[in-house]
Amino acid sequence: MSHKLTWYGHATLGLETGGHRLVIDPFFSGNPASPVKPESIAADFILITHGHGDHVGDAVSIAKRTGATVISNFEICNWLAAQGVEKTHPQHLGGGFKYPFGYLKLTLALHGSALPDGSYGGNPAGFLLTTADGKKIYLAGDTGLFGDMKLIGEEGLEVAVLPIGDNFTMGPDDALRAVKLLTPKHVIPIHYGTWGLIDQDAIGWAAQVETQTGAKVHAIRPGESFTF
Ligand code: NI
Ligand code: MN
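For clarity, every value in this text was computed on a predicted model and none was experimentally measured. (Residues numbered from 1 in each chain as written. Chains lettered and ligands numbered in written order. Predicted model: local features only at pLDDT ≥ 70, side-chain atom pairs only at ≥ 80, totals over all residues. Heavy atoms only, no water.)

**Looking at a nonpolar patch on the surface**
Okay, so step 1: Taken together, the side chains of Leu93, Leu108 and Leu110 make up a nonpolar region of the molecular surface, amounting to roughly 230 Å² of accessible area.
Okay, so step 2: Among the structural elements, Leu93 can be located in the loop between strand 6 (88–91) and strand 7 (96–99). (Patch = residues over 30% accessible without salt bridge, like charges linked within 9 Å, V, L, I, M, F, W, Y side chains within 5 Å. Areas by Shrake-Rupley, 256 points an atom, 1.4 Å probe, with all protein chains shown as cover. Salt bridge = Lys/Arg side-chain N within 4 Å of Asp/Glu carboxyl O. Helix = DSSP H or I, 4+ residues; strand = E, 2+ residues; numbered from the N terminus.)

**A few points about the environment of Asp133**
Okay, so step 1: Position of Asp133 relative to the elements: it lies in the loop between strand 9 (125–131) and strand 10 (136–139).
Okay, so step 2: Spatially, the C-alpha atom of Asp133 lies 9.0 Å from that of Gly18, the residues being 115 residues apart in sequence.
Okay, so step 3: A distance of 2.5 Å separates the side chain of Asp133 from the side chain of Thr131, its partner in a polar contact. (Polar contact = N/O pair within 3.5 Å; in protein donor to acceptor, adjacent residues only side chain to side chain.)

**Some words on the packing of aromatic side chains**
Okay, so step 1: If you walk through the whole model with that rule in mind, you get eight aromatic pairs.
Okay, so step 2: Between the aromatic rings of Tyr8 and Phe28, the centroid separation amounts to 5.4 Å while the plane-to-plane angle is 65°, which identifies the pairing as edge-to-face. You can see Tyr8 sitting in the loop between strand 1 (3–7) and strand 2 (13–17) and its partner Phe28 sitting in the loop between strand 3 (20–24) and strand 4 (45–47), a full 20 residues away along the chain. Grouping residues by exposure puts Tyr8 and Phe28 together as buried.
Okay, so step 3: The structure contains a cluster of three or more aromatic residues connected by ring pairs, namely Phe45, Phe97, Tyr99 and Phe101. (Phe/Tyr/Trp six-rings, centres within 6.5 Å; stacked < 30°, edge-to-face > 60°. Buried < 20%, exposed > 50% of the residue type's maximum accessible area, 1.4 Å probe, protein only.)

**Brief notes about unusual backbone geometry**
Okay, so step 1: The backbone phi angle of His10 is positive, close to 55°, even though this residue is not glycine.
Okay, so step 2: Positionally, His10 belongs in the loop between strand 1 and strand 2.
Okay, so step 3: Phi is positive for Asp25, close to 50°, though the residue is something other than glycine.

Below is the structure:
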């Protein structure tokens, strides 16, 4: 069984696993790094880490067009339902649920979560997905470094998707420390390069991580995929 993770720039990802199509933090309109328009996105499930506009993005329009189920925290699910999104599945930090695509748990993230209209968006989260064949994928979401990443690492990670952009999230130095706590086999850096404010040298960072840890870094470009 193979799993295909596609980066659409910023924090927007696609994941194809076991015939299910997931989109994470669907920010396409207004995302200068996105190579595709939201109209071309197919989705069975939409996962949203927190309420900020660069993560909620086009969730409402994609969910309405595709009929996808949106998975997020309770507050964000309620906000989307009020805008006509029919299928939502609320969870909260530390809680997991077995979906057709795997077991999905919400993890801690050190960040904010206000929604675009100023509504309360609950607590920000990351996702820990265990695929149907037992591979663990950690999507950190927007977060600063925290010591409990060590606990997440104890689960045995195949892939960790980490922000490296600095300013709003971990920068390269803290993201390197995160890799040391998480000990994943593979790392994909995201949340950088979208705007000048969060430009980073991902290739240089990858070399540093691979020198100091056992992880392999895949600094894919927007539109590219990593299959595992
Ligand atoms: Ni954010
Ligand atoms: Mn963000």
